[in-house]
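# Analysis of the macromolecular model
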There are 2 protein chains.
Amino acid sequence: MNTLAEENYLKAIYHLTENDGNASTNQIASSLNTKASSVTDMLKKLADKALINYTPYQGVNLTPSGEKIALGIIRKHRLWEYFLVEKLNFKWDQVHDLAEEMEHISSEELIDRLDQFMGYPTHDPHGDPIPDCNGRFNTHELKPISAVTINQCGVISGVRNHSSSFLQYLDKQQLTIGCKIMITDIIEYDHSVVVQTGNKEVQISREVANNLLIAL
Amino acid sequence: MNTLAEENYLKAIYHLTENDGNASTNQIASSLNTKASSVTDMLKKLADKALINYTPYQGVNLTPSGEKIALGIIRKHRLWEYFLVEKLNFKWDQVHDLAEEMEHISSEELIDRLDQFMGYPTHDPHGDPIPDCNGRFNTHELKPISAVTINQCGVISGVRNHSSSFLQYLDKQQLTIGCKIMITDIIEYDHSVVVQTGNKEVQISREVANNLLIAL
DNA sequence: TAAAAAATTTAGACTAATCTAAAAAAATAA
DNA sequence: TTATTTTTTTAGATTAGTCTAAATTTTTTA
């Protein structure tokens, strides 16, 4: 098995390389709140274990076995988040740090039984897809609201930022997962977006629009 | 917060001093599968934190704040065991090691919500009492079967050994928590005990009788 | 109660993960 | 294309928890 620190590095590298190609030492350091020199040390260790491809100064990406481990951790994280919200009635802005701890419980059988217990959910409370026990999940195309044109409709389906302050703001504006919305105006001056949700209209900043994802 | 190692030491000391007075360095070492010298180091650290009373060469016991932490961990352990058996359909012989890992998840709120979700159970799957959120629990008097006289009746209510081999043996003999039994004979030669359970009679060794607890 | 045995502590070393400071490599800019 | 800046790595130290071996204290036994 891998240590807690190793698991956190693999998960960070997974997320940093989800779209692009390689993760840099500094990117990893900042996403784990650690120093670049610590990252270098760990990269050597993970490379020795054949979990990452590492060329000094060139950044890293996951090998198939590293990716498998990362997906296992992400699966656990998202299933625990679902459990916390659906069974224990936590709010979606309260579960991230808890799941961060629970994702390191090692048993595969436990997580598979938890999955079954909850009826094999496909998405966590923030709209992120939950990998199945083989690490597979559907990546439906989501767009940030900032990338959508006027008069388009869609369903809020994900967030790019999981901080509780952002999620609490969305709650207050009633912009939560599953809401049908329409983009009614885009302010030229500061790129704010005016959104029709249910019976009311709200105006959200470019920053918010960038971090709120919809399915068209 | 305390480290994982500290929590394990506090829990071990709690169990070793549950009945008697002080836990010795060697007792702690053997219950944690570590060396006496490692234990001495940790005892100093726990004493510095005022979690144990430690006089060199004299063994240790918990201070009130150490006991509070130990009871918190035991509460978590037993609630997770209950969850694993009642909600995820694990067998009672499969949950100990899993709960050993889960008991270190730190959130109080999580465990209190889990407690509520399950309806505030009072005993775990092995019959051990679950401390409430203030660390209180009832200690009903249980006796090992080896301490009971012929013709006495009782209900199997606990075990002193949590190993899966012992629990699997009890399953096979249909000697599980809640079973009504009667002691029908005690073999003088080797202190085996003959027990009436349901419609059949089984003979159990002194060793087993020592580790199986009943309420009279 | 002195000698032997057992239990405990001390001394010194090791590993994993981290850090700061300095050196080296790569990227950027003049 | 040389100098400057940024990024990354190396060197050496630190902390928590552990270990082995030696020293010390306590307990047991004769």
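Residues numbered from 1 in each chain as written. Chains lettered and ligands numbered in written order. Predicted model: local features only at pLDDT ≥ 70, side-chain atom pairs only at ≥ 80, totals over all residues. Heavy atoms only, no water.

### Re the sheet that holds strand E7 (residues 200-204) of chain A
Residue and element names in this part refer to chain A. Basically, it comes down to this: Any two strands with at least two DSSP-identified bridges between them are counted as paired. Secondary structure counts use DSSP, requiring at least four H or I residues in a row for a helix and at least two E residues in a row for a strand, with both numbered from the N terminus.
Read across the sheet, 6 strands follow the order E3-E8-E4-E5-E6-E7 without closing on themselves; strand pairing throughout is antiparallel. In this open sheet, the two edge strands, each paired with only one partner strand, are strand E3 (143-144) and E7. Here strand E4 (residues 153-159) pairs with strand E8 (residues 212-215) via 4 bridges, running antiparallel. Paired with Gly-158 across the bridge in E8 is Leu-213.

### Some words on the side chain of Glu-6 of chain A
Where we set the bar: Contact criterion: two residues are considered in contact whenever any of their non-hydrogen atoms come within 4.5 Å of each other.
Looking at where Glu-6 of chain A falls in the secondary structure, it is placed in helix H1 (residues 4-16). Excluding its chain neighbours within four sequence positions, the residues that come into contact with Glu-6 of chain A are Met-42, Lys-45, Leu-46 and Lys-49 of chain A.

### Considering the domain arrangement of chain A
Heads up, the condition is: Boundary definitions for the domains trace back to an automatic or database domain assignment.
Partitioning chain A into structural domains gives domain 1 (4-62) and domain 2 (143-215). Between the C-alpha centres of domain 1 of chain A and domain 2 of chain A there is a distance of 32 Å.

### Quick notes on the protein's contact with DNA strand D
We count it as follows: To be near a molecule or strand, a residue needs just one of its heavy atoms within 4 Å of it. For this analysis, a polar contact is any N or O atom pair within 3.5 Å, provided that within protein one partner can donate a hydrogen and the other can accept it, and provided that sequence-adjacent residues contribute only side-chain to side-chain pairs. Under the scheme applied, nonpolar residues are Ala, Val, Leu, Ile, Met, Phe, Trp, Tyr, Cys and Pro; charged residues are Asp, Glu, Lys and Arg; polar residues are all the others, including Gly.
Close contacts around DNA strand D come from 21 residues, with Lys-44 and Tyr-54 of chain A together with Thr-3, Thr-34 and Lys-45 of chain B the closest. Backbone atoms, meaning sugar and phosphate, make up 72% of the atoms of DNA strand D lying within 4 Å of the protein. One nitrogen or oxygen atom from the side chain of Thr-3 of chain B is found 2.4 Å from a phosphate oxygen belonging to DNA strand D. Elements with a contribution of two residues or more to the surface near DNA strand D: helix H2 (25-31) and helix H3 (36-48) of chain A together with helix H1 (4-16) and helix H3 (36-48) of chain B. Broken down by class, the residue content of the surface near DNA strand D amounts to 8 nonpolar, 9 polar and 4 charged.

### Observations regarding the nonpolar core
Keep this limit in mind: Throughout this description, the term nonpolar core refers to a set of buried Ala, Val, Leu, Ile, Met, Phe, Trp, Tyr and Cys residues connected via side-chain atoms within 4.5 Å. Throughout this description, buried means an accessible area under 20% of the type-specific maximum (1.4 Å probe, protein chains only), exposed means over 50%, and partly exposed covers the range between.
Residues Trp-80 of chain A together with Trp-80 of chain B are the most contacted members of the largest nonpolar core, which totals 36 residues. At the level of secondary structure, the elements contributing two or more residues to this core comprise helix H4 (64-86), helix H5 (96-102) and helix H6 (108-117) of chain A together with helix H4 (64-86), helix H5 (96-102) and helix H6 (108-117) of chain B. Excluding its chain neighbours within four sequence positions, the residues that come into contact with Trp-80 of chain A are Ala-99, Met-102, Glu-103, Ile-105, Leu-110, Ile-111 and Leu-114 of chain A together with Trp-80 and Met-102 of chain B.

### Structural notes on the relation of the copies chain A and chain B
This is how the line gets drawn: For the least-squares superposition of copies, only C-alpha atoms count, and only for residues with pLDDT at least 70 in both.
Superposing chain A onto chain B takes a rotation of 180° plus a shift of 0.0 Å along the axis, which leaves an RMSD of 0.1 Å. What we have between these two chains is a two-fold relation. If distances are taken from each C-alpha of chain A to the rotation axis, the shortest is found for Met-102 of chain A, at 4.0 Å. Take the interface residues of chain A: 100% of them recur as interface residues in chain B, which is what a same-surface contact looks like.

### Some details on the packing of H4 of chain B against H6 of chain B
The description of two helices packed together rests on the angle between their axes and the distance between the axes. Residue and element names in this part refer to chain B. How we decide: To get an axis, fit a line to the C-alpha atoms, keeping to the stretch in contact for a helix; angles then go from 0 to 180 degrees between the N-to-C directions. Angle categories are assigned with fixed cut-offs, so that under 35 degrees is roughly parallel, over 145 is roughly antiparallel, 65 to 115 is roughly perpendicular, and the rest are oblique. For a crossing to be left-handed, the near helix must be turned anticlockwise from the far one by less than a right angle; the clockwise case is right-handed.
Axis separation between H4 and H6 bottoms out at 10 Å; the angle between their running directions is 40°. Accordingly, the angle class assigned to the pair H4 and H6 is oblique. The handedness of the crossing between H4 and H6 is left-handed. Here Arg-75, Lys-76, Leu-79, Trp-80 and Phe-83 of H4 come into contact with H6, specifically with Leu-110, Ile-111, Asp-112, Leu-114, Asp-115 and Phe-117.

### Focus on H3 of chain B
Residues and elements named next belong to chain B. Heads up, the condition is: Multiply 1.5 Å by the residue count of a helix minus one, and that product is the helix's expected span. Throughout, the arc means the angular range of directions from the helix axis out to the C-beta atoms.
For H3, which comprises 13 residues, the first-to-last C-alpha distance of 19 Å matches the rise-based estimate of 18 Å (1.5 Å per residue) to within 8%. Every buried residue of H3 is accounted for by Val-39, Met-42, Leu-43 and Leu-46. Buried residues of H3, seen end-on, are gathered within an arc of 110° and therefore sit on one face of the element. Among the exposed residues of H3, those pointing more than 90 degrees away from its buried face are Ser-37, Asp-41 and Asp-48. Those residues of H3 hidden inside the fold are in contact with H1, helix H2 (25-31), strand E1 (52-54) and strand E2 (60-62).

### Here's the deal with the protein's contact with DNA strand C
The full set close to DNA strand C counts 20 residues, and Thr-3, Thr-34, Ser-38 and Lys-45 of chain A together with Tyr-54 of chain B are the nearest of them. What you see for DNA strand C is that sugar and phosphate hold 74% of its atoms within 4 Å of the protein. One of the side-chain nitrogen or oxygen atoms of Ser-37 of chain A is found 2.9 Å away from a base oxygen of DNA strand C. Within the backbone of Asn-26 of chain B, one N or O atom sits 2.8 Å away from a phosphate oxygen of DNA strand C. Breaking the surface near DNA strand C down by element, the ones donating at least two residues are H1 and H3 of chain A together with H2 and H3 of chain B.

### Digging into the pairing of E4 of chain A
Each regular strand shows side chains that alternate between the opposite faces of the sheet. All names here are of chain A. Burial of E4 is extensive: 5 of the 7 residues sit out of reach of the surface. Judged from the 3 bridges that link them, E4 and strand E5 (residues 180-186) form a sheet pairing that is antiparallel. Note that in E5 the partner of Cys-153 across the bridge is Met-182.

### Section: the packing of H1 of chain B against H4 of chain B
All names here are of chain B. Between H1 and H4, the shortest axis-to-axis distance is 9 Å and the interhelical angle comes to 95°. Considering the angle they form, H1 stands roughly perpendicular to H4. Residues Glu-7, Leu-10, Lys-11, Tyr-14 and His-15 of H1 pack against Gly-66, Glu-67, Ile-69, Ala-70, Leu-71, Ile-73, Ile-74, His-77 and Arg-78 of H4. Of the residues belonging to the contact of H1 with H4, the class tally is 7 nonpolar, 3 polar and 4 charged.

### Remarks on the state of the cysteines
To keep it simple, the criterion reads: Two cysteine sulfur atoms form a disulfide, by the criterion used here, when they sit within 2.5 Å.
What the rule picks out here adds up to 0 disulfides over all chains. In this structure Cys-179 of chain B is a free cysteine whose sulfur lies 13 Å from that of Cys-153 of chain B, the closest cysteine sulfur available.

### Points about the environment of His-191 of chain B
Looking at the secondary structure, you find His-191 of chain B in the loop between strand E5 (180-186) and strand E6 (193-197). For His-191 of chain B, a relative accessible area of 40% corresponds to the partly exposed category.

### With respect to unusual backbone geometry
Within the chain, Asn-151 of chain A stands out as a residue other than glycine whose phi angle is a positive 75°. Residue placement: Asn-151 of chain A occurs in the loop between E3 and E4. Judged by its relative accessible area of 53%, Asn-151 of chain A falls in the exposed class. One non-glycine residue, Asn-33 of chain B, lies in positive phi territory at about 50°. With respect to the helices and strands, Asn-33 of chain B occurs in the loop between H2 and H3.

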